[in-house]
Amino acid sequence: MELRQLKYFVTVAEELHFGRAAERLHIVQPAVSQQIRRLERSLGVSLFARSTRSVVLTEAGQRFLPHARAVLAAAERASDSVSEFRSAESLVRLGTSEGLGDRLDVLLGAFARLAPSASLELVHAPTSQRLQRVRDGSLSATIVRGSWPSSGLDFTPLWMDEVLVALPASHPLASASEVSFASLASLPVRLSSPSRNQPLYDLVLACCREAGFEPVLGTEFTTAQDTLGTLGFGRPHWTVFYRAHANLLPIPGVVFRPLVEPTPRMQTYLATPTDRRLTPELVALIEAARTIEAG
């Protein structure tokens, strides 16, 4: 039994959905499922009852949940008990964005090589909250996509993200190697609301207008798992994903294709506080990110 497995179990128990749990944990869904199965094998019981429509805790899972939470809390207290002995500058608390996909895995690997003695803690929260936490010092830095209010912050460009279209595999456009924006004019699009992701919303609308049409806005984008699950069912529609995220989302019945005329790309930045110097660890993080772009 590993702490990682307990963390995955508690997250799935709170979400009762493997896809949403994977998004919270910033890993792919198969990895969550694999670790839960290993935990169940080590315990000799099933913790979840799974079906195509639902995930629920078994009686054994309900009994195990408070103990798993207690173990994780104890581990956190143990870590906190020695926090005063750590070098404050060697700990990087990094805010992360949804959908970083395989870029995050590569970034963490490169950072570990460039700063082997540093500790890295990943923190997930809405973008506006992460930016405020960088300003007040509770986060060392955060990864953000697109332009956000910059008061008190410096934004270091990291990499450009290609934006792909997600379509039902049964739609005629799915057979093309790339999809023009104009060809999507008659289909509704599912986008995150401007309050949730203003830069991506603005980018897609600007590309549609450049292609000569006003998009038909469909149901709001919720989670990747749920939104992709509806593609191909009922009325055809489309949505967009960053390529790094799409690389980790092999969904039956859905295809991802490059967009052209125009080709949308989103700049990704590392936001750091203006009034504090970059530590060697943050410099290493920036260099690790630039290695991704070069690759």
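Keep in mind that this is a model prediction, so the values were computed, not measured. (Residues numbered from 1 in each chain as written. Predicted model: local features only at pLDDT ≥ 70, side-chain atom pairs only at ≥ 80, totals over all residues. Heavy atoms only, no water.)

(A) View of helix α5 (residues 102-114). The first and last C-alpha atoms of α5 sit 19 Å apart over 13 residues, in line with the 18 Å expected at 1.5 Å per residue. When we look at burial in α5, the residues that qualify are R103, L104, L107, A110 and F111. Down the axis of α5, the sector holding all buried residues measures 130°, keeping them to one side. (Helix = DSSP H or I, 4+ residues; strand = E, 2+ residues; numbered from the N terminus. Expected span 1.5 Å × (residues − 1). Buried < 20%, exposed > 50% of the residue type's maximum accessible area, 1.4 Å probe, protein only. Arc of directions from axis to C-beta.)

(B) Broad picture of the packing of aromatic side chains. Going through the model one piece at a time under the given rule, you end up with seven aromatic pairs. Between F9 and F64, the aromatic rings sit 5.2 Å apart at their centres with planes inclined by 55°, giving tilted as the arrangement. Of this pair, F9 sits in helix α1 (residues 3-15) while F64 sits in helix α4 (residues 59-81), and the two are 55 residues apart along the sequence. For F9, a relative accessible area of 0% puts it in the buried group. An aromatic cluster of three or more residues is present, and its members are F9, F18, F48 and F64. (Phe/Tyr/Trp six-rings, centres within 6.5 Å; stacked < 30°, edge-to-face > 60°.)

(C) Local environment of the confidence of the model for the protein. This prediction gives the protein a mean pLDDT of 87; 96% of its residues lie at or above 70. Mean pLDDT across the elements of the protein bottoms out in helix α10 (residues 280-294) (79) and peaks in strand β7 (residues 179-180) (97). (pLDDT = per-residue confidence, 0-100.)

(D) Structural view of the side chain of Q5. Mapped onto the secondary structure, Q5 falls in helix α1. With relative accessibility at 5%, the residue Q5 sits in the buried group. In this structure Q5 touches Q35, I36, R38 and L39, once residues within four positions along its chain are discounted. (Contact = heavy atoms within 4.5 Å.)

(E) Geometry of the packing of helix α2 (residues 18-25) against helix α3 (residues 29-43). Contact geometry for α2 and α3: axes closest at 8 Å, N-to-C directions at 105°. If you check the angle between α2 and α3, you find them roughly perpendicular. Across the interface between the two elements, F18, G19, A22 and L25 of α2 pack against Q29, V32, S33 and I36 of α3. Looking at side-chain class alone, the contact of α2 with α3 contains five nonpolar, three polar and no charged residues. (Axes fitted to C-alpha atoms, helices over the stretch in contact; angles between N-to-C directions. Parallel < 35°, antiparallel > 145°, perpendicular 65-115°, else oblique. Nonpolar A, V, L, I, M, F, W, Y, C, P; charged D, E, K, R; others polar.)

(F) Fine view of the pattern of salt bridges. Applying the stated rule across the entire model yields 11 salt bridges. Put simply, R209 and E214 hold a salt bridge, and the shortest N to O gap is 2.6 Å. With relative accessibility at 47%, the residue E214 sits in the partly exposed group. Through salt bridges with shared partners, a single ionic network connects E14, E15, R20, R24 and R69. (Salt bridge = Lys/Arg side-chain N within 4 Å of Asp/Glu carboxyl O.)

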